[in-house]
Amino acid sequence: MEDHIRFDRQDLALHLLDQRVLPEQEADIVCRNTDDVIYALQTMVVRGAPAIGVTAAWGCALALNETSGPEWATQLEELLDRLAHARPTAVNLRWAVDRMRKCWWKAMNNGGGDRQALMPIFLDEAAKMQAEDVEACKTLGRFGGECLQDGDCVLTHCNAGALATAGYGTALGVIRGAIEQGKRITVIVDETRPFLQGARLTAWELHKDNIPVTVACDNACALLMSKGLVQRVVVGADRIAANGDAANKIGTFGVALLAKHFNIPFYVAAPLSTIDPTTPDGSGIPIEQRPEREVTHVGNPRLTPEGVPVYNFAFDVTPAELISGIITEKGVLQPPYGLAIWAALNEASAASEAEDTAANGKTGR
Ligand code: MRU
């Protein structure tokens, strides 16, 4: 699935599959301006770190389209800033907006930074980021597939599938990669209270692709592991700090502790765009707190007594020492993660500089 984030260049409209209503309905919502995109991100029409990044990249083009007059650049700066802060934890959001800013900066330096000239540049960059994300997921899927064995049952938490990326998925990309290598893999997915990304989205994606999947309550994990029903854990990430600590959906840390107890390998799969080298360790990762209503209600019926406060932290941080490997498009990083992360990011930035130099050579800039 690669059409859940679709941009119509003619109409300047971003079509998003509304993940809030899956699996019951497959309906799109259409974003035409920055507010629409921020609404879609905050209400989780679209969610999952890489998908959030790609959506924000298209959002930058919609933001540009909203600007006018001599103050257009100031207006655009403000809109990009609002987009970058729509959700706090997934670093892909800031990463994507920064990449669009870099593009704007380069265009200005090359004499093409006026409003009209910038639109095709923004559209091309967003399309490139979307395509690159699918490629990164497929590549990390191939590397990660090697970490799984024929016959494994893999436990995953939340949704780190095609829906959470531009396509193919990170944790689910690893599962798809192993299956493409001819391995028989089955999956257990935690429900992932309160938004139920596991029960609703991961189960839907895998079932659609005929990958055997069983849904379990979040609190069944210890029992399932104690019964020997889980051979590997693979999860995604929203932000990986420079030392390898990884923020992911609330509940992931508990799964990692259980995996350690039962001696089950625990992998984090994420593209390099999810790594934040500016955050030294997990203590610096901001944890989003979402509306109480997600916990107090399921749909309309209320679950908790009126007046009782709830916690709704959306993410937790798994310490690097509980992670057996970080699966990226540059390979499976091994501890000590600080050095491995530094090397992978350096390699990627050298490749992108070489690409820039080659492109500038072609255009004579
Ligand atoms: O709140 P969400 O649904 O955006 O959280 C998503 C997750 O935690 C995913 O596991 C993570 O983004 C990895 S997505 C490839």
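Note that the structure is predicted; figures quoted are calculated from it, not measured.

Points about the overall build of the protein chain
Secondary structure assignment for the protein chain yields 11 helices and 14 strands. For 365 residues, the compact-globule estimate of 2.2 N^0.38 gives 21 Å, and the C-alpha radius of gyration of the protein chain, at 20 Å, lies within 12% of that figure. Overall, the C-alpha framework of the protein chain stretches about 65 × 50 × 40 Å when taken along its three principal axes. Burial statistics for the protein chain: of 365 residues in total, 54% are counted as buried. Residue pairs at least 24 apart in sequence account for 74% of intrachain contacts in the protein chain once pairs closer than 6 positions are excluded.

With respect to the nonpolar core
Counting 46 residues, the largest nonpolar core has Leu-14, Leu-76 and Phe-122 as its most contacted members. Of all elements in the fold, only β1 (5-8), β2 (13-17), α1 (34-42), α2 (49-66), α3 (72-84), α4 (91-109) and α5 (115-145) reach the threshold of two or more residues within this core. Per-element tally for this core: the top contributor is α2, with 12 residues. Ignoring sequence-local partners within four residues, the contact set of Phe-122 consists of Cys-60, Ala-61, Leu-64, Leu-76, Met-100 and Trp-104.

Overview of the sheet that holds strand β3 (residues 28-31)
Within a sheet, adjacent strands bond to each other through the backbone by hydrogen bonds, running parallel or antiparallel. If you trace the 3 strands from one edge of the open sheet to the other, you get β1-β2-β3, paired in antiparallel fashion. In this open sheet, the two edge strands, each paired with only one partner strand, are β1 and β3. Each strand of the sheet is rotated relative to its neighbour by a mean of 25 degrees, with strand direction disregarded. As defined by bridge partners, β2 adjoins β3 across 4 bridges and the pair is classed as antiparallel. Within β3, the residue paired with His-15 across the bridge is Val-30.

Structural notes on the environment of Cys-158
Note on placement: Cys-158 falls in the loop between β4 (153-156) and α6 (171-180). Note on Cys-158: relative accessible area 6%, which makes it buried. Separated by 132 residues in the primary sequence, Cys-158 and Glu-26 have C-alpha atoms spaced 19 Å apart. In this structure, Cys-158 is in contact with Arg-47, Val-189, Thr-192, Gln-197, Gly-198, Thr-202 and Lys-249, ignoring residues within four places of it in sequence.

Details of the packing of α3 against α4
The description of two helices packed together rests on the angle between their axes and the distance between the axes. Between α3 and α4, the least distance of the axes is 9 Å, while the angle of their chain directions is 160 degrees. As the angle between them shows, α3 and α4 are arranged roughly antiparallel. By crossing handedness, the relation of α3 to α4 is classed as left-handed. On the side of α3, the interface is formed by Trp-72, Ala-73, Leu-76, Glu-77, Leu-80, Asp-81, Leu-83 and Ala-84, while α4 contributes Leu-93, Val-97, Arg-101 and Trp-104. Counted by class, the contact of α3 with α4 contains 9 nonpolar, no polar and 3 charged residues.

The rules behind these values
- Once a new chain begins, its residue numbering starts again from 1 and follows that chain's sequence as written.
- Given that the model is predicted, a residue must reach a pLDDT of at least 70 before its local features are reported, and side-chain atom pairs must reach 80 or more before they are shown or counted; all residues, however, enter totals for whole chains, interfaces and linings.
- Hydrogens and waters are ignored; side-chain quantities use all the structure's heavy atoms.
- Numbering of helices and strands starts at the N terminus; helices are DSSP runs of H or I of at least 4 residues and strands are runs of E of at least 2.
- C-alpha atoms define the radius of gyration, and 2.2 Å times the number of residues to the power 0.38 defines the globule rule.
- The classification of residues rests on relative accessible area computed with a 1.4 Å probe and restricted to protein chains. Under 20% of the type maximum is buried, over 50% is exposed, and intermediate values are partly exposed.
- For this analysis, residues touch if any pair of their heavy atoms sits within 4.5 Å.
- Nonpolar cores are built from buried Ala, Val, Leu, Ile, Met, Phe, Trp, Tyr and Cys residues. Side-chain atoms within 4.5 Å join them into one set.
- Should DSSP find at least two bridges between two strands, the strands are regarded as paired.
- Axis definition: a line fit to C-alpha positions, over the contact stretch in the case of helices; interaxial angles, taken between N-to-C directions, run 0 to 180 degrees.
- In what follows, roughly perpendicular refers to angles from 65 to 115 degrees, roughly parallel to angles under 35, roughly antiparallel to angles over 145, and oblique to any angle outside these ranges.
- Handedness of a crossing follows from how the near helix is turned relative to the far one, being left-handed for an anticlockwise turn of less than a right angle and right-handed for a clockwise one.
- Note that Gly is not counted as nonpolar here; it falls among the polar residues with everything else outside the nonpolar set of Ala, Val, Leu, Ile, Met, Phe, Trp, Tyr, Cys and Pro and the charged set of Asp, Glu, Lys and Arg.

So far we have only geometry, and geometry alone does not tell us how the molecule works.
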